[in-house]
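Architecture at a glance
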Amino acid sequence: MNRATRYKALLYSQLKYQRIELTILSIVAGGVPALATWRALGSTSFSPMELLSLSQIVGVLGSTLAALVGCVLALRPYSLDALTNHTYAMSLPVSRTEYGLLRVGTGLLLLLMPAAGFLIGAVFASTAADIPAMLHAYPVGITMRFVLAAATAFALAFGIQYGLGKRATRWILFSLTGLGAVEIIGQLVTGVSLTSDLWTALGSEASPLRVFASNWMLFDV
Amino acid sequence: MITAPTAIRLNGVDCRTSKEFAIRDLAMSVPRGAVYGFLGPNGSGKTTAIRLLLGMLRADAGTIEVLGHEISRDAPAALAKIGYVPERSHLWPHLSVEETMRFHAAFFPRWDAARADALRQQFGLRPSQLVSALSKGENGKLMMLLALSTQPELLVLDEPTDGLDPVVRRDVLQALVEYVGDKQATVLISSHLVHEQERICDWVGVLDQGKLIAEVPMQEFRSGIKRLRVHGAPRVHDAAPFTVLSRDDEFGRGETWVVRGWQDSHASWLTSSGASLREVEPLDLEESFVELLRSGRGGAATIER
């Protein structure tokens, strides 16, 4: 019995388990780029600035949706495993590492479903909109960004959930409370933000989280 | 003492699962080909011991060897040869019976599709039925089907018939007995249903409060524990050639002793101690089990005078 067979079996199981949420996410992902054109469709007096501002909305919604897709694909299968106290997963004759890698593989492949929805919506928006001469549409580029952002969210959520297990929620709450306390104490005692460097680092060019904040424009110069 | 080849061997295993409960210095051996009854009251550590030997829990100390594989290093190789039925259903509720069988087949290299299909029909399970819609009995049957269809060398069954009605219980046990007869597989069956164990097991291990307090062939367990009615019993029995599990005063009419390892020739020891043996009564398995637990909990062989 080879790894490909095991992968297909797990992929089928996860697809069936998450088919409803994946369908909804794919439809929503397709609808997000269409937002950029819903006002512009059929319009002849469409200004470049309006298109750019609508494009920015696509960016915000797209990055948020990508984060949601990544988290849903990482966390929901864990909840399925946890339903039986991981007994089924651990009674299968594969190492924990291989099981984890199979779950990563299935999650990353299924992530392409909402990404495909996003691409279809982006292509539709690009062709439907009457784009001014100075602007260009980037449906493939923004979809690539969507895939990268979703994969980043998936990796983070998967690592935290499978790494910490049941303690994940407790640790996340503990960390957020700690950060909040440091910030409040810093503001009250010294009058400066003690966590600003952390946020700057997380949003810097070197941070993987940068993908959520950088250029998410469907239409640009 | 087991000298035959062993299917399961645990040695000096410690595992703390909570502040209140720990497996302590657990040592057990299951001979190959045996049907080993793992007895113990609820909360005695049977499920924890099973999770340890399947590699689902990591031991704090000790060694665990299953079918020649050191579990801490090579659990997947051992699991490929084990059919496991847990205490509670572990199957994914969103899959149908057929999908569950296909999923299982993808992971177990020795999956026997023909046997699986025959068992499915024998158990009356519909292929399209979702696991979430199965009754407790049907779930038990499906888990037994999956365990038997992997052609295991070892079956680990954790309370497999607990909560099942008599008809389903009979079907499940019959399928088990047929498989074991056919393949000479080893079975570790955990239960607190003593009479069920008595019918099918040839070895018995008794676990209480995380410790194995007895491990003997069933025949020895059944015949070796007796209730004696003794008149003029000696105060001290340390030198007795048998183990005294409990002593109870019969209000001046002598004493009742429950002893382990009794042989008829031991009557002479009592006579030489100035006592007279009035009656030797065999105990059934359940009574033996209860007496063994009493002695293991320190209530044994004490008498108020």
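Position numbers for residues start from 1 in each chain and track the written sequence from start to end. Whichever chain is written first becomes A and whichever ligand is written first becomes 1, with later ones labelled in order. Totals for whole chains, interfaces and linings use all residues, but because this is a predicted model, local features are given only for residues with pLDDT of at least 70 and pairs of side-chain atoms are given and counted only at 80 or more.

Moving on, we get to the overall build of chain A. Scanning chain A from terminus to terminus reveals 10 helices and 2 strands. For chain A, the spread of C-alpha atoms along the principal axes amounts to about 65 × 60 × 25 Å. Two residues qualify as being in contact provided that their C-beta atoms, derived from the backbone, are within 7 Å of each other. A sequence separation of at least 24 residues applies to 80% of the contacts in chain A between residues at least 6 apart. To qualify as a helix, a DSSP run of H or I must reach at least 4 residues; to qualify as a strand, a run of E must reach at least 2; elements of each kind are numbered from the N terminus.

Attention shifts here to the sheet that holds strand 3 (residues 35-39) of chain B. Residue and element names in this part refer to chain B. If you walk across this open sheet you meet the 6 strands as 6-7-8-3-9-10, and the pairing is mixed. The open sheet has two free edges, formed respectively by strand 6 (82-85) and strand 10 (211-217), since each of these has just one partner strand. Taking the axes of each pair of neighbouring strands and ignoring which way they run, one obtains an average angle of 15° across the sheet. As judged from the 5 bridges shared by strand 7 (residues 154-158) and strand 8 (residues 186-191), these two strands associate in the parallel manner. The residue of strand 8 that forms the bridge with Asp158 is Ser190. Axis angles are defined between N-to-C directions and span 0 to 180 degrees, where every axis is a line fitted to C-alpha atoms and, for a helix, only to the segment in contact. Those strands touched by helix 5 (residues 136-149) are strand 6 and strand 7, and its axis lies near 170° from that of strand 6. We treat two strands as partners when DSSP finds at least two bridges between them.

Moving on to helix 6 (residues 166-183) of chain B. Each α-helix winds once per 3.6 residues, and so residues spaced three or four apart point in a common direction. Residue and element names in this part refer to chain B. With 18 residues, helix 6 extends 26 Å between its outermost C-alpha atoms, agreeing within 8% with the 26 Å of an ideal straight helix rising 1.5 Å per residue. Here a residue counts as buried when 20 or more other C-beta atoms sit within 10 Å of its C-beta, as exposed when there are 12 or fewer, and as partly exposed otherwise, the C-beta atoms being derived from the backbone. For helix 6, the set of buried residues is Val168, Asp171, Val172, Ala175, Leu176 and Tyr179. Each buried residue of helix 6 lies within a common arc of 125° when the element is viewed along its axis, so the set occupies one face. The exposed residues of helix 6 that point more than 90 degrees off its buried face are Pro166, Val167, Arg170, Gln174 and Gly181. Buried residues belonging to helix 6 abut helix 4 (113-123) and helix 5. A positive backbone phi angle near 55° is found at Gln184, which sits one or two residues after helix 6. Between the first and last residue of a helix there are one fewer steps than residues, each counted as 1.5 Å, and that sum is the expected span. By definition, the arc is the one covered by directions from the helix axis to the C-beta atoms.

So, about the sheet that holds strand 14 (residues 276-282) of chain B. Residues and elements named next belong to chain B. One open sheet accounts for 4 strands, arranged 12-13-11-14; its pairing is antiparallel. Only two strands of the sheet have a single partner each, and these edge strands are strand 12 (243-249) and strand 14. Between one strand axis and the next, the sheet turns through 25° on average, direction left out of account. Pairing of strand 11 (residues 225-231) with strand 14, which is carried by 6 bridges, proceeds in the antiparallel orientation. Looking at strand 14, one finds that Lys226 is bridged to Pro282.

The next subject is the confidence of the model for chain B. Residue and element names in this part refer to chain B. One number per residue, pLDDT, summarises how confident the predictor is, and it ranges from 0 to 100. The share of residues in chain B with pLDDT of 70 or more is 95%, and the mean pLDDT across the chain is 87. By mean pLDDT, helix 10 (residues 285-299) is the weakest element of chain B at 74, and helix 3 (residues 97-107) is the strongest at 97. Of the regions scoring below 50 in pLDDT, residues 300-305 engages in 14 contacts with residues more than four places distant in sequence or in other chains. Here the prediction assigns the complex a pTM of 0.84, and the interface score ipTM is 0.85.

To continue, consider the environment of Arg169 of chain B. Residues and elements named next belong to chain B. Tracing the chain through its elements places Arg169 in helix 6. Residue Arg169 is classed as partly exposed on the basis of its 18 C-beta neighbours within 10 Å. Not counting the four nearest positions on each side in its chain, Arg169 is found in contact with Thr161 and Leu164.

Attention shifts here to the pairing of strand 2 (residues 22-31) of chain B. On a regular strand, each side chain points to the face opposite its neighbour's, so the side chains alternate between the two faces of the sheet. Examined bridge by bridge, strand 1 (residues 6-16) of chain B and strand 2 of chain B share 7 bridges and lie antiparallel to one another. Considered in strand 2 of chain B, the bridge of Cys15 of chain B is made with Ile23 of chain B.

Once that is clear, we can look at the packing of helix 5 (residues 96-110) of chain A against helix 7 (residues 139-164) of chain A. Residues and elements named next belong to chain A. The interhelical angle for the contact between helix 5 and helix 7, taken along N-to-C directions, is 150°, at an axis separation of 11 Å. Of the possible angle classes, the one that applies to helix 5 and helix 7 is roughly antiparallel. With respect to the hand of their crossing, helix 5 and helix 7 are arranged in right-handed fashion. The segment helix 5 lies against helix 7, with Gly100, Val104, Gly107 and Leu108 engaging Ala151, Phe154, Phe158 and Tyr162. Of the residues in the contact of helix 5 with helix 7, the class split is 6 nonpolar, 2 polar and no charged. Oblique is the label for any angle not under 35 degrees, not over 145, and not in the 65 to 115 range, which are roughly parallel, roughly antiparallel and roughly perpendicular in turn. Handedness of a helix crossing follows the sense of rotation of the near helix relative to the far helix, less than a right angle counterclockwise being left-handed and clockwise being right-handed. Charged means Asp, Glu, Lys or Arg here, nonpolar means Ala, Val, Leu, Ile, Met, Phe, Trp, Tyr, Cys or Pro, and polar covers whatever is left, Gly included.

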